[in-house]
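Structural description and commentary
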Amino acid sequence: MKKYSPDIGKVHAILTDEFNRHKMPVVELIQIQTNDPFKVLITTILSARTKDETTARVAKKLFSKVKNVNDFRKLSIVEIEQLIYPAGFYHEKAKKLKSLPDILQENFNGIIPQTVEELIELPGVGRKTANLVVAIAFNKPAICVDVHVHRINNRLGYLSTKNPLETEMTLRKHLPEKYWITYNSCFVSFGQNTCKPINPLCNQCPIARYCARIDVKSRE
Ligand code: SF4
């Protein structure tokens, strides 16, 4: 439910400008470099709980051996672990990547699906990853909601939601579709650098005039 109505078009435009001044996130970079949904999917799985610099490094190492999903069949779990170390949760991720070819073949004829509902059937793919893959790899309307998108939209007063799933569903109802694909990118870098979880830098904030600062205690 909306509590307050900031001009979300202006907020999006300002944050997009900010985003363009920062380093491009690794998943977008892989899309531009490869235009390959398989590599975008794998990079997105690797990026969970992992810094972008580390993800970029392990993705490069992994893709030197793995060119398509069936290449995971030729590797043991230990070999995959060695390739993706030190990505966060690399043990679990290696097991999931090992099982990917079989599940993809059984359920989707070996082809990476293009909807959130289908993608979340794959190992290691939650709604956040699925939305990002749909938006970035397939350029289709999807809203990837992570902790930054959830937190900042609630601080702005654009939404009043309890968790990222509720935020995603509310944004799907209220946010104009033209903003969906890029919504995550601009809020993530803004959330890491300015509207941080603790002590947000409100006095340096380019969208302060649009923000209701809901539940914001520190105003540096
Ligand atoms: S004014 Fe503060 S709380 Fe609002 S968006 Fe900016 S940094 Fe975040």
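Residues numbered from 1 in each chain as written. Predicted model: local features only at pLDDT ≥ 70, side-chain atom pairs only at ≥ 80, totals over all residues. Heavy atoms only, no water.

1. Re helix α4 (residues 52–63)
Taking 1.5 Å as the rise per residue, α4 with 12 residues should run 16 Å; its terminal C-alpha atoms sit 16 Å apart, in good agreement. For α4, the full list of buried residues reads Thr54, Thr55, Val58, Ala59, Leu62 and Phe63. Each buried residue of α4 sits inside an arc of 145° when the element is viewed along its axis, so together they form one side. In α4, the exposed positions angled more than 90 degrees off the buried face are occupied by Arg57 and Lys60. (Helix = DSSP H or I, 4+ residues; strand = E, 2+ residues; numbered from the N terminus. Expected span 1.5 Å × (residues − 1). Buried < 20%, exposed > 50% of the residue type's maximum accessible area, 1.4 Å probe, protein only. Arc of directions from axis to C-beta.)

2. Here we look at the packing of aromatic side chains
Inspection of the entire model under this criterion finds 4 aromatic pairs. Seen from their ring centres, Tyr85 and Tyr90 are 5.0 Å apart, and the 85° between their planes marks the pair as edge-to-face. Seen in terms of ring centroids, Tyr183 and Phe187 are 4.6 Å apart; in terms of plane orientation they differ by 55°. Their pairing is tilted. Within this pair, Tyr183 and its partner Phe187 are both found in helix α11 (residues 180–193), separated by 4 residues, close to a single helical turn. Each member of the pair, Tyr183 as well as Phe187, carries the same accessibility label: buried. Through successive ring pairs, a cluster of aromatic residues spans Phe38, Phe63 and Phe72. Sitting above the plane of the Phe63 ring, Lys39 keeps its charged end 5.5 Å from the centroid. (Phe/Tyr/Trp six-rings, centres within 6.5 Å; stacked < 30°, edge-to-face > 60°. Lys NZ or Arg CZ within 6 Å of the ring centre and 35° of its normal.)

3. A few points about unusual backbone geometry
Residue Pro86 is bonded to the preceding Tyr85 through a cis peptide linkage, with omega at 10°. Locating Pro86 in the fold gives a position in the loop between α5 (77–84) and α6 (90–108). A positive phi angle, near 50°, is found at Arg213, a position not held by glycine. The class for Arg213 is partly exposed, based on a relative accessible area of 24%. Even without a glycine there, the phi angle at Asp215 is positive, about 55°. Relative to the elements of secondary structure, Asp215 occurs in the segment after α11.

4. Points about the packing of helix α3 (residues 37–47) against α4
Contact pair α3 / α4: the axes reach a minimum separation of 10 Å and the direction vectors enclose 135°. One element, α3, and the other, α4, form an angle in the oblique class. The hand of the α3/α4 crossing is right-handed. Together, Phe38, Lys39, Ile42, Thr43, Leu46 and Ser47 of α3 and Thr55, Val58, Ala59, Leu62 and Phe63 of α4 make up the contact between the two elements. Here the residues of the contact of α3 with α4 are counted per class, giving 7 nonpolar, 3 polar and 1 charged. (Axes fitted to C-alpha atoms, helices over the stretch in contact; angles between N-to-C directions. Parallel < 35°, antiparallel > 145°, perpendicular 65-115°, else oblique. Left-handed = near helix turned anticlockwise from the far one by under 90°. Contact = heavy atoms within 4.5 Å. Nonpolar A, V, L, I, M, F, W, Y, C, P; charged D, E, K, R; others polar.)

5. Observations regarding a nonpolar patch on the surface
A cluster of nonpolar side chains, namely Met24, Leu29 and Ile32, defines an oily patch on the protein surface of about 270 Å² accessible area. Looking at where Ile32 falls in the secondary structure, it is placed in helix α2 (residues 26–34). With relative accessibility at 60%, the residue Ile32 sits in the exposed group. (Patch = residues over 30% accessible without salt bridge, like charges linked within 9 Å, V, L, I, M, F, W, Y side chains within 5 Å. Areas by Shrake-Rupley, 256 points an atom, 1.4 Å probe, with all protein chains shown as cover. Salt bridge = Lys/Arg side-chain N within 4 Å of Asp/Glu carboxyl O.)

6. Here's the deal with the side chain of Glu28
Among the secondary structure elements, Glu28 is positioned in helix α2. Apart from the residues within four sequence positions on either side, Glu28 is in contact with Phe19, Ile136 and Ser185.

7. Focus: the environment of Arg73
Residue position: Arg73 is located in the loop between α4 and α5. Among the residues examined, Arg73 registers a relative accessible area of 39% and is labelled partly exposed. As a C-alpha pair, Arg73 and Leu97 span 24 residues in sequence and 9.5 Å in three-dimensional space. Not counting chain neighbours up to four residues away, the residues in contact with Arg73 comprise Lys98, Pro101, Asp102 and Gln105.

8. As for the environment of Ile214
Structurally, the position occupied by Ile214 is in the segment after α11. Between the alpha carbons of Ile214 and Asn153 there is a distance of 9.5 Å; along the sequence they are 61 residues apart.

9. Comments concerning helix α9 (residues 147–156)
Of all 10 residues making up α9, 9 are buried, and the element is well covered by its neighbours. Those residues of α9 that sit buried are His148, Val149, His150, Arg151, Ile152, Asn153, Asn154, Arg155 and Leu156. Each element contacted by the buried residues of α9 is listed here: α1 (8–21), α10 (164–174) and α11. At the N-terminal end of α9, a side-chain oxygen is found 3.1 Å from the backbone nitrogen of His148, two or three residues along, and the residue is Asp146. (Polar contact = N/O pair within 3.5 Å; in protein donor to acceptor, adjacent residues only side chain to side chain.)

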